[in-house]
Structure formats: structure tokens, C-alpha cells
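Chain by chain, the residues run as shown.
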Amino acid sequence: MKSGTQLVLAGVAAVASGLACAQEVVKIGHVAPMSGPQAHYGKDNENGVRMAIEDLNAKGVTIGGKKVKLEIAAEDDAADPKQGTAAAQKLCDAKVAGVVGHLNSGTTIPASKVYNDCEIPHVTGAATNPNLTKPNYPTTYRIIANDNALGAGLAIYAADKLKLKKVAVIDDRSAYGQGVADIFTKTAKEKGIEVVDQQFTNDKATDFMAILTAIKSKNPDAIFFGGMDTQGGPMLRQMEQLGISNAKFFGGDGICTEKLIELSGKSKLLDNVTCAEGGASLAKMPGGKAWKARYDAKYPNQFQVYSPYTYDATFVLVDAMTRAGSTDPKKYIPELKKANYKGVTGTIRFEPNGELKNAAMTLYSYRGGQKAPLE
């Protein structure tokens, strides 16, 4: 029988051993609109990060010889730039190891300065405005094609494949919508397409009758919309109501969602839609089909567009930490710059300014009311 002293010593030794084996908690920040009309995008993005963290914790992560437990620090920016910078500052103050986000270019661009000032890297799998990487911040990275690829690709398809002669352009005046529309307009003109009208709305609007009526009188072959599905869906419904049934409808990744079908009220004009996404289609992503099956089992009916990219972004951050042997951004950012990570979306390597090397893009249609990649 042990004495009281022996029992106390044994207890102290057990506690000390437990502390020695305790896992360090490493927080990964995530920011996206979790409230408001774009919350379906935000939830999908956050799901990708949560799934990555669960997968990483399940297999075990060792950084600098220590076992770590990853946790998400999730924030809502409601697609609002001021709320986005506030969320970024909150994550800086919390000293997270890295950030995945944001969704919108309009929130990501101002937040990128906050992250740079506090020297925490962020990787976006959704914000596509080319201006994001122009400051050359060592903390800013993008793992999806930017609007230069998306807007230009759609214009080239309109001119070379569809032989269109006249287009009208609408944008929502956001950093994303205006950016992708400007690139489309510039490339369309270079390809000999006449831009017969340019109209503007905003990312809260629901009534487009006036601008669509003005466009109808110009009789364009197509309408390009720079914005999100929350406006693109109702716009398709109202085009149908006005009898603008022969015009093609183009848009970037903002409208290129499963949700567009529902938001359009399953409009017949879905057959006229062509949209562009950065990256390969899920079917052509390495392991994309298997990943999507796991995602759907975990998060039924929540997939939109970007969750494979936020999943990979999380792995890219942790991979850099592992190679550096540290969760200190100052120590692992050099490894992040040298990333050569084979993820679900493809092989992720960065240009010196943080853009993805060899970024792919895919065009999609909604023939028969189902989103599918164009051959």
C-alpha cells in the first residue's frame, strides 16, 4: 500500500506527464459572409475549412516536433468591407496562425492590408479581383484564377465560339462585379464585339426591370452580368418576364452556383447561361469526385463553388507550417512562398506576388436546368 506522500508524488508526476503530452492549439481564421443574402457562399466556404481541419486533426499534425490540434476561428463579414476589416483586426488581435478568406474582393482587398500590417498570411480561394495582389504583400495569396482569366475567357468564347456581335454589360459596382465586367468589356471590344449598353445596379438590388427594359431596346445578342447569384437569379426571371428570351446570359464565378437555379425560379433562360469558374471542374480535379461525395455526406445540399479551394487553402497553410517547423508566420511565410502542394483542386504553387501559377478556368452551362461544364 502506497503512503500518502507516494500518492501525491505519483499524482504530480501524472499531471506533469499530461502537460508534456498536451497538444498545442493552433487557430486558423476564416472570414466570409455568414449572414445576409450571400450567406450560402459563406457557409460553403466555412464548411471547406472545417472539413480540412477535421481531416488534418484525424491524421495528426506535428509541427516542430510537437503535436498540434487545429481549431477554426470563424468570423462573419456580411460581405461588407468595414465589417471585413474589423473581422481581420479581430483575428490579428487573437494572434491566429493564418487566415483562409475572404469571399468577396470588396472585403478581401481592404482586409489584406490589415493582415499585412499584423504580418499574418491569408489565402483566398474565392476573391478574384486582380487588384488584390498588386501591392505585392508577402501575406496575400490566391489559389483560384483571377478576373483577368474569367472575364477574358467569357469574351473570347462569345466572339470565337458563339460569333456574337452585340453585347450589353451590367455590373453591381462591387470590386468583384465591376472588375470582371471591365475585363469582359475590354476583351469583347478587342475581339470586335460591339458593347451596345452599360448599366449598373448594386449588390442589394432585386428589381432590374428599368435597366433590362433599356437594354431590350438595344437588342443585344447577350447580356454580361458582373455580380453574384443573388442578383443574377432574379435578373434571369425578369428577363423572361420582359421577353428577352433570345439573349445569352454571361457571368463570372459569382453567378456560377447551384443556387442560381433556385434563385432564378428555375427560369427557362437558364438554358442561355454561360458562366466561368477558376480551376478545373470537380470531375477533372484530382480526387474531386471522391472529395465532393464526402462533402455532400457531411454537409448535404450546401455545396456552392469555393469549398474545395478553402479546403486546399487550409492544407496549404498547415503544409507551410509543417515544412518550416513553426506556426510563427515570420518563420513559415518563406515556406508558403515555396508551396508545391498537391491538393483537391490541383497543384498549388505561387507567383512572387501571391497569384496561383498556371491557373485554370472552366466554362459552365445550365442546359436542362443542371449546371455542367462545357466541353
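About the cut-offs
- Residues numbered from 1 in each chain as written.
- Predicted model: local features only at pLDDT ≥ 70, side-chain atom pairs only at ≥ 80, totals over all residues.
- Heavy atoms only, no water.
- Pairing = 2+ DSSP bridges.
- Helix = DSSP H or I, 4+ residues; strand = E, 2+ residues; numbered from the N terminus.
- Disulfide = S-S within 2.5 Å.
- Salt bridge = Lys/Arg side-chain N within 4 Å of Asp/Glu carboxyl O.
- Buried < 20%, exposed > 50% of the residue type's maximum accessible area, 1.4 Å probe, protein only.
- Axes fitted to C-alpha atoms, helices over the stretch in contact; angles between N-to-C directions.
- Contact = heavy atoms within 4.5 Å.
- Core = buried A, V, L, I, M, F, W, Y, C linked by side-chain atoms within 4.5 Å.
- Lys, Arg positive; Asp, Glu negative; His and termini not counted.
- Polar contact = N/O pair within 3.5 Å; in protein donor to acceptor, adjacent residues only side chain to side chain.

### Digging into the pairing of strand β8 (residues 194-200)
Step number 1: Across six bridges, the pairing between strand β7 (residues 166-171) and β8 is parallel. The residue bridging Ala 168 from the neighbouring strand is Asp 197, located in β8.

### So, the state of the cysteines
Step number 1: A complete count under the given rule lists two disulfides for this structure.
Step number 2: A sulfur-sulfur distance of 2.0 Å marks the disulfide that ties Cys 92 to Cys 118. Across the S-S bond linking Cys 92 and Cys 118, the dihedral sits near -50°, which makes this disulfide left-handed. Of this pair, Cys 92 sits in helix α3 (residues 81-93) while Cys 118 sits in helix α4 (residues 105-118), placing them 26 residues apart in sequence.
Step number 3: Residue Cys 256 pairs covalently with Cys 275 via a disulfide, S to S 2.1 Å.

### A closer look at the pattern of salt bridges
Step number 1: Counted according to the given criterion, the structure contains 19 salt bridges.
Step number 2: A salt bridge links Glu 46 to Arg 50; the shortest N-O distance between them is 2.9 Å. On the criterion of helical spacing, the pair formed by Glu 46 and Arg 50 is a turn pair, its members being four residues apart in helix α2 (residues 39-59).
Step number 3: In this structure, Lys 90 engages Glu 75 in a salt bridge whose closest nitrogen and oxygen atoms are separated by 3.4 Å. Taken together, the positions of Lys 90 in helix α3 and Glu 75 in strand β3 (residues 66-76) put the pair 15 residues apart, joining distant regions of the chain.
Step number 4: Classification of Glu 75 by relative accessible area gives buried; the value is 17%.

### As for the sheet that holds strand β5 (residues 122-124)
Step number 1: The six strands are arranged β2-β3-β1-β4-β5-β6 in an open sheet whose pairing can be described as mixed. Looking at the sheet topology across the chains shown, the edges are occupied by β2 (61-63) and β6 (140-142). Each strand axis lies, on average, 35° off the axis of its neighbour in the sheet, ignoring direction.
Step number 2: Here three bridges tie β5 to β6, and the two strands are oriented parallel to one another. Paired with Thr 124 across the bridge in β6 is Arg 142.
Step number 3: On top of the sheet, α2 reaches β1 (24-32), β2, β3 and β4 (98-101); it is set at about 170° to β3, its chief contact.
Step number 4: Contacts between α3 and the sheet are confined to β1, β3 and β4, with β3 contributing the most and set at about 155° to the helix.

### Focus: the nonpolar core
Step number 1: Ranked by internal contacts, the top residues of the largest apolar core, which has 69 residues, are Phe 184, Phe 224, Phe 250, Leu 317, Met 321, Leu 336 and Phe 350.
Step number 2: The element best represented in this core is helix α11 (residues 307-324), accounting for nine residues.
Step number 3: Not counting residues within four places of it along the chain, the set of residues in contact with Phe 250 comprises Leu 154, Tyr 157, Ala 158, Leu 162, Leu 164, Phe 184, Ala 222, Ile 223, Phe 224, Phe 225, Ile 255 and Thr 274.
Step number 4: Of all hydrophobic cores here, the second largest spans 26 residues; its members include Ala 168, Ala 205, Ile 244 and Leu 270.

### Structural notes on the side chain of Asp 229
Step number 1: Among the secondary structure elements, Asp 229 is positioned in helix α8 (residues 229-241).
Step number 2: No salt bridge is formed by the buried Asp 229, whose closest oppositely charged neighbour, Lys 259, lies at an N-O distance of 7.4 Å.
Step number 3: Here the side chain of Asp 229 touches Tyr 41 through a polar contact of 2.9 Å, side chain to side chain.
Step number 4: For Asp 229, the contacting residues outside a window of four places in its chain are His 40, Tyr 41, Pro 234, Gly 254, Ile 255, Thr 257, Lys 259, Leu 260 and Leu 263.

### Notes on the side chain of Thr 108
Step number 1: Note that Thr 108 resides in helix α4.
Step number 2: For Thr 108, the side chain forms a polar contact with the main-chain oxygen of Asn 104, separated by 2.5 Å.
Step number 3: The residues contacting Thr 108, other than those within four sequence positions of it, are Gly 101, His 102, Leu 103, His 122, Thr 124, Ala 127 and Leu 132.

### Let's talk about unusual backbone geometry
Across the chain, the bulk of peptide bonds are trans and the bulk of non-glycine residues have phi less than zero.
Step number 1: Geometrically, the link from Gly 101 to His 102 is a cis peptide bond, its omega value of 0° lying close to zero.
Step number 2: For Glu 119, which is not glycine, the phi torsion reads 60° and is therefore positive.
Step number 3: Looking at the element boundaries, Glu 119 is found in the loop between α4 and β5.
Step number 4: Phi angles above zero are rare outside glycine, and Lys 163 is one such case at about 60°.
Step number 5: Mapping Lys 163 onto the fold places it in the loop between α5 (147-161) and β7.

### A few points about the environment of Val 169
Step number 1: Structurally, Val 169 is set in strand β7.
Step number 2: Considering only alpha carbons, one finds Val 169 and Ala 205, 36 residues apart in sequence, at a separation of 16 Å.
Step number 3: Val 169 has contacts with Ala 181, Phe 184, Thr 185, Val 195, Asp 197, Gln 198, Gln 199 and Phe 224, leaving out every residue within four places of it along the chain.

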